[in-house]
Amino acid sequence: MSRFFSGKYAHLEAYTPGEQPKDMQYTKLNTNESPFPPSDKAQSFAADASKRLQLYCDPECTALTAEFAALYGIAEDEVLFTNGSDDALNFCFMAFCDDEHPAAFADITYGFYPVFTQLNRVPYEEIPLSDDFTVNVDDYIGIGKTIFIANPNAPTGIALPLSDIERILRSNPDNIVIVDEAYVDFGAQSAVGLIHEYDNLVVTQTFSKSRSLAGGRLGMAMADRELIRDLNTLKYSTNPYNVSSMTQAAGIGVLKDEEYTRKNCAVIAENRAYLTQQLEKLGFEHTDSVSNFVFAKHPRFDGGELYIKLKERGVLIRHFTKERIKDYNRITVGTKEQLDILLDNIKDILSEAGV
Ligand code: PMP
C-alpha cells in the first residue's frame, strides 16, 4: 500500500480470482468457464462491431436490451446490462445496503460478497449453512436485511427451490433480496418470472458460464423498473460505458443462437453426472450440484494436497482455504476429454499414495 492510498481502504481485502497461470498449457477446470467457444453468431457479430471501435459504445445497450427483453418476456426497463454480473452485484451493494440495511449472506458462498461489503463499507452478517451445506431458509425469514443468495450456491452447487426464495421474499417485504443466478442454466429454477410479483426482488445473471462469454464480460440485473432505475443511477455515476460495443454485439449473437446455449448446458449436465459417478467410484463424497461444477472431497486424501498434485500434473481445480471447506475442491465440469484427463490423474495420485 502506498502512503497515498486512502485510509478508507486500509482494511480492504481484495477478491482473489481463480488463478490463470501462463507457465504451461493446463487442463483448466478452476474458474467455471464454459469449455465451448462462443457461438458462431457471437463471434461474427463481435468481429463486425470491432470495425466501429473508434466510437463510444451505446450506454443504453439498446439493441441487446430489446433482444433480451423479447426473449425473456420482460420489459426493456426491467433489465440492466453490466460488465459481468460482478458489476451488477456491486451496484446492488452500493444501492441497497447501508447501516440501516446491512447485508446478509451465507458463510459459504460467493467470495466476492464480503469484498463488496468492505468496498462499500456496509455492515454484514454471515449466516451459516447447515452441516450438509444446504441453506436453512428459516434463518432468512423476516431478518430485515438486504439478502444475497447465490442460487445455485457456489462453491457447493446446491440450489433452493423457488418456493423457498418466495418465502424469503414475502417475509422481508421492506428489504431487497438479490438472487445471484450465475449458474442457474445448468439445472436450477430461475426467479426471473417473479420480478413482476415482488418489488423487492433483484435477479442477476451472467453470460460468463452457460453462454460462453466470460472474457466478454457481460452480466445483467433484472427487477422492478424502479429498482433498475436505482441501479442505472449508479452505473451513470461510475462508468456509463461499462459494456463495450464488441461485447454488446457478441451478446446479441449469443441470444440469436439460444439453441447452441441450450445444447451446451445439456452436455454439461450429462458430463456432471459422469464426473460425479466416476468420483464416487474413487471414494469421493460430493454435494448435490446442479451447476457446472462439482464440490467434492475424499475422506482419506487431503483437499489441498490433491489440488497441488493435480496442478503439478497440469490440471487446475479450485481449492479454498476457508476452514469449513478446506477438505473440498471445486471442479469445473469440462468436456468429457478434460474430465478423463482429470480422473486419470486423480487415480494415479490416489494409487501412488496407497489410497
Ligand atoms: N456470482 C457467482 C456465484 C459467481 O461464481 C461468479 C463468477 N465468479 C459471478 C457471480 C460473477 O461472474 P461474472 O462477473 O463473470 O458474471
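Because the structure is a prediction, the values reported are computed rather than measured.

Analysis parameters
- Residues numbered from 1 in each chain as written.
- Predicted model: local features only at pLDDT ≥ 70, side-chain atom pairs only at ≥ 80, totals over all residues.
- Heavy atoms only, no water.
- Buried < 20%, exposed > 50% of the residue type's maximum accessible area, 1.4 Å probe, protein only.
- Helix = DSSP H or I, 4+ residues; strand = E, 2+ residues; numbered from the N terminus.
- Pairing = 2+ DSSP bridges.
- Near = heavy atom within 4 Å.
- Polar contact = N/O pair within 3.5 Å; in protein donor to acceptor, adjacent residues only side chain to side chain.
- Areas by Shrake-Rupley, 256 points an atom, 1.4 Å probe, with all protein chains shown as cover.
- 1 Å grid on protein atoms, 1.4 Å probe; cavity = no way out; pocket = protein on both sides within 12 Å on 5 of 7 lines; lining within 4 Å.
- Sits in = over half its atoms within 2 Å of the grid points.
- Domains from an automatic or database assignment.
- Contact = heavy atoms within 4.5 Å.
- Buried area = accessible area lost by both parts, 1.4 Å probe.
- Disulfide = S-S within 2.5 Å.
- Points joined across faces, edges and corners; volume = space filled by probe spheres on them.
- Axes fitted to C-alpha atoms, helices over the stretch in contact; angles between N-to-C directions.
- Left-handed = near helix turned anticlockwise from the far one by under 90°.
- Nonpolar A, V, L, I, M, F, W, Y, C, P; charged D, E, K, R; others polar.
- Salt bridge = Lys/Arg side-chain N within 4 Å of Asp/Glu carboxyl O.

**Thoughts on the pairing of strand E8 (residues 219-223)**
Along any regular strand the residues' side chains alternate between the sheet's two faces.
Piece 1. Across the five residues that make up E8, a large majority, five, are buried.
Piece 2. Alternating residues of E8 divide into Gly-219, Ala-221 and Ala-223 and Met-220 and Met-222, and every residue in both groups is buried.
Piece 3. Relative to E8, strand E2 (residues 79-82) is paired through four bridges, and the arrangement is antiparallel. Across the sheet, the residue bridging to Val-79 is Met-222, located in E8.
Piece 4. As defined by bridge partners, strand E7 (residues 201-206) adjoins E8 across five bridges and the pair is classed as antiparallel. Bridge pairing in E8 places Val-203 opposite Met-222.

**With respect to the site of the ligand**
Piece 1. Contacts to the ligand come from Gly-84, Ser-85, Asp-86, Leu-89, Tyr-110, Asp-180, Ala-182, Tyr-183, Thr-206, Ser-208, Lys-209 and Arg-217.
Piece 2. Contact distances for the ligand include 3.1 Å between an oxygen atom and a backbone N or O atom of Asp-86.
Piece 3. Tyr-110 has a polar side-chain atom sitting 3.2 Å from a nitrogen atom of the ligand.
Piece 4. In isolation the ligand offers 400 Å² of accessible surface; the protein chains occlude 91% of this area.
Piece 5. At a threshold of 2 Å from the grid points, most atoms of the ligand map onto the largest pocket.
Piece 6. With four residues, helix H3 (residues 84-96) is the single largest residue contributor to the shell around the ligand.

**Here's the deal with the domain arrangement of the protein chain**
Piece 1. Domain boundaries assigned for the protein chain yield domain 1 (8-36 + 259-352) and domain 2 (40-257).
Piece 2. Placing the centre of domain 1 and that of domain 2 at their C-alpha centroids yields a distance of 24 Å.
Piece 3. With 33 residues of domain 1 at the contact, the number on the domain 2 side is 36 residues.
Piece 4. Where domain 1 abuts domain 2, roughly 2700 Å² becomes buried across the two surfaces, and 60% of that area is made up of carbon and sulfur atoms.

**Notes on unusual backbone geometry**
Piece 1. Residue Pro-152 follows Asn-151 across a cis peptide bond; omega there is 0°.
Piece 2. Note on placement: Pro-152 falls in the loop between strand E5 (146-150) and helix H5 (162-171).
Piece 3. Here the bond from Ala-154 into Pro-155 is cis, since omega is 5°, no more than 30 degrees from zero.
Piece 4. Its location among the elements puts Pro-155 in the loop between E5 and H5.

**Concerning the environment of Val-267**
Piece 1. Locating Val-267 in the fold gives a position in helix H8 (residues 258-281).
Piece 2. For Val-267, a relative accessible area of 27% corresponds to the partly exposed category.
Piece 3. Remark: the alpha-carbon pair of Val-267 and Lys-336, spanning 69 residues in sequence, is separated by 9.2 Å.

**So, the state of the cysteines**
Piece 1. For the coordinates displayed, the defined rule picks out zero disulfides.
Piece 2. The closest cysteine sulfur to the non-disulfide-bonded Cys-97 is located on Cys-92, 8.3 Å from its own sulfur.

**A closer look at the side chain of Asp-257**
Piece 1. Locating Asp-257 in the fold gives a position in the loop between helix H7 (245-256) and H8.
Piece 2. Among the residues examined, Asp-257 registers a relative accessible area of 16% and is labelled buried.
Piece 3. Here the side chain of Asp-257 touches Lys-41 through a polar contact of 3.2 Å, landing on its backbone nitrogen.
Piece 4. Not counting the four nearest positions on each side in its chain, Asp-257 is found in contact with Ser-39, Asp-40 and Lys-41.

**Describing the side chain of Glu-166**
Piece 1. Within the element layout of this structure, Glu-166 appears in helix H5.
Piece 2. With a relative accessible area of 18%, Glu-166 lands in the buried category.
Piece 3. Look past the residues within four positions of Glu-166 in its chain and what remains in contact with it is Leu-194, Glu-197 and Tyr-198.

**Points about empty space enclosed by the protein**
Piece 1. With the rule as written, the count across this model stands at three cavities of 30 Å³ or more.
Piece 2. Of the voids in this model, the largest cavity is the one considered here, and its volume is about 60 Å³.
Piece 3. Along its surface, the largest cavity is lined by Phe-105, Ala-106, Thr-109, Tyr-113, Val-135, Tyr-140, Phe-148, Ile-149, Ala-150 and Asn-153.
Piece 4. Where the lining of the largest cavity is concerned, the elements lending two or more residues are strand E3 (103-106) and E5.

**Description of the packing of helix H9 (residues 303-312) against helix H10 (residues 336-352)**
Piece 1. Orientation of H9 relative to H10, taken along the N-to-C sense of each, is 115°, at an axis distance of 10 Å. Crossing of H9 over H10 shows right-handed handedness. Of H10, the residues touching H9 (which contributes Leu-306, Lys-309 and Leu-310) are Leu-342, Asn-345, Ile-346 and Ile-349.
Piece 2. Of the residues belonging to the contact of H9 with H10, the class tally is five nonpolar, one polar and one charged.

**Quick notes on the pattern of salt bridges**
Piece 1. Counted according to the given criterion, the structure contains 22 salt bridges.
Piece 2. A salt bridge links Lys-311 to Glu-19, with the nearest nitrogen and oxygen atoms 2.8 Å apart. Separated by 292 residues along the polypeptide, Lys-311 in helix H9 and Glu-19 in the segment before strand E1 (27-28) bring together distant segments of the chain.
Piece 3. Residue class for Glu-19 comes out partly exposed when judged on its relative accessible area of 24%.
Piece 4. Of the charged contacts, one joins Asp-185 and Arg-211 as a salt bridge, the two residues approaching to 3.8 Å between their closest N and O atoms. Of this pair, Asp-185 sits in the loop between strand E6 (177-180) and E7 while Arg-211 is found in the loop between E7 and E8, placing the two residues 26 residues apart along the sequence.
Piece 5. Taking the relative accessible area as the measure of exposure, Asp-185 reaches 30% and is therefore partly exposed.
Piece 6. Given a relative accessible area of 3%, Arg-211 falls into the buried group.

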